[in-house]
Amino acid sequence: FITRLARRIHGSISAAMVSYTRGITWVWTLFFAAELLTSLLLYLFAPISIWSLFVNVLNLPLIALIFAVEHVYRRTHLSDPPRYSPADIVRMMGYIKDSILKQASSG
């Protein structure tokens, strides 16, 4: 998914960027799967207050943390990391929205 997003924003991308975007797609997929599993396990086996803390308080900071870790990794491991302007981010969000709506209408 992130590879398609990068190609849509930047056109052609290097082999290193393809490898990076595929890897980061897996990281995000595993992160959200772990969040979902943690939420489910807390809901089933922990007091509701602990589950609520995880879902309502810790969720956004954890997402922000993975964004920050990914940013640092990208800056330190890619030879020419992409720079995104606010307009690029708005375009990315529009692409994601369009993709979701397209999938919803086709399925």
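All chains use their own residue numbering, which begins from 1 and follows the written sequence. Only residues with pLDDT of at least 70 get local features here, since the model is predicted, and only at 80 or more are side-chain atom pairs given and counted; chain-wide, interface and lining totals rely on the full set of residues. Hydrogens and water molecules were not included; the side-chain quantities draw on all heavy atoms of the structure.

### With respect to the packing of helix α1 (residues 2-10) against helix α4 (residues 86-106)
So, point 1. Axis geometry follows a simple rule: fit a line to the C-alpha atoms, using only the stretch in contact for helices, then measure angles between N-to-C directions, giving values from 0 to 180 degrees. Each helix is a run of H or I in the DSSP string that is no shorter than four residues. Each strand is a run of E no shorter than two, and both are numbered from the N terminus. Look at α1 against α4: their axes get within 11 Å of each other, and the N-to-C directions meet at 130°. In terms of orientation, α1 lies oblique with respect to α4. As for how α1 packs across α4, the hand of that crossing is right-handed. Across from Arg-4, Leu-5, Arg-8 and Ile-9 in α1, the residues of α4 making contact are Asp-88, Arg-91, Met-92, Tyr-95 and Ile-96.
So, point 2. Classification convention: Asp, Glu, Lys, Arg as charged; Ala, Val, Leu, Ile, Met, Phe, Trp, Tyr, Cys, Pro as nonpolar; all other residues, Gly among them, as polar. Across the contact of α1 with α4, the residue classes break down as five nonpolar, no polar and four charged. Reported orientations rely on four angle classes, namely roughly parallel under 35 degrees, roughly antiparallel over 145, roughly perpendicular from 65 to 115, and oblique for the rest. In this scheme, a crossing is called left-handed if the near helix is turned counterclockwise away from the far one by less than a right angle; it is called right-handed if the turn is clockwise. Note on contacts: a residue pair qualifies if any of its non-hydrogen atoms lie within 4.5 Å across the two residues.

### A look at a nonpolar patch on the surface
So, point 1. Patch definition: residues with relative accessible area over 30% and no salt bridge; like charges joined within 9 Å; nonpolar side chains (Val, Leu, Ile, Met, Phe, Trp, Tyr) joined within 5 Å. Computed with a 1.4 Å probe, the accessible areas rest on the Shrake-Rupley method; for each residue, only the protein chains presented here act as cover. Take a side-chain nitrogen of Lys or Arg and a carboxyl oxygen of Asp or Glu: if they are within 4 Å of each other, that pair is a salt bridge. A cluster of nonpolar residues, Leu-37, Leu-40, Leu-41, Tyr-43, Leu-44, Phe-45 and Ile-48, forms a patch on the protein surface that exposes about 760 Å² of accessible area.
So, point 2. If you tally residues by element for the nonpolar patch, the top one is helix α2 (residues 15-45), at six residues.
So, point 3. Structurally, Leu-41 can be placed in helix α2.

### Some details on the packing of aromatic side chains
So, point 1. Put simply, two rings from Phe, Tyr or Trp (the six-membered ring, in Trp's case) pair if the centres are within 6.5 Å, and we call them stacked under 30 degrees between planes, edge-to-face over 60, tilted for the rest. Taken as a whole and judged by the stated rule, the model has seven aromatic pairs.
So, point 2. When the ring of Trp-28 is compared with that of Phe-32, the centres are 5.5 Å apart and the planes differ by 25°; the resulting orientation is stacked. Taken together, the residues span about one helical turn, with Trp-28 and Phe-32 both in helix α2 at a distance of four residues.
So, point 3. Relative accessibility thresholds used throughout: buried, under 20% of the residue-type maximum; exposed, over 50%; partly exposed, between the two (1.4 Å probe, protein chains only). Exposure remark for Trp-28: the relative accessible area of 13% places this residue in the buried category.
So, point 4. For Phe-32, a relative accessible area of 39% corresponds to the partly exposed category.
So, point 5. Between Tyr-43 and Trp-51, the ring centres sit 5.5 Å apart and the planes meet at 70°, which makes this aromatic pair edge-to-face.
So, point 6. Residue Tyr-43 is classed as partly exposed on the basis of its relative accessible area of 49%.
So, point 7. An aromatic cluster is built from Trp-28, Phe-31, Phe-32 and Phe-67, whose rings are joined through pairwise contacts.

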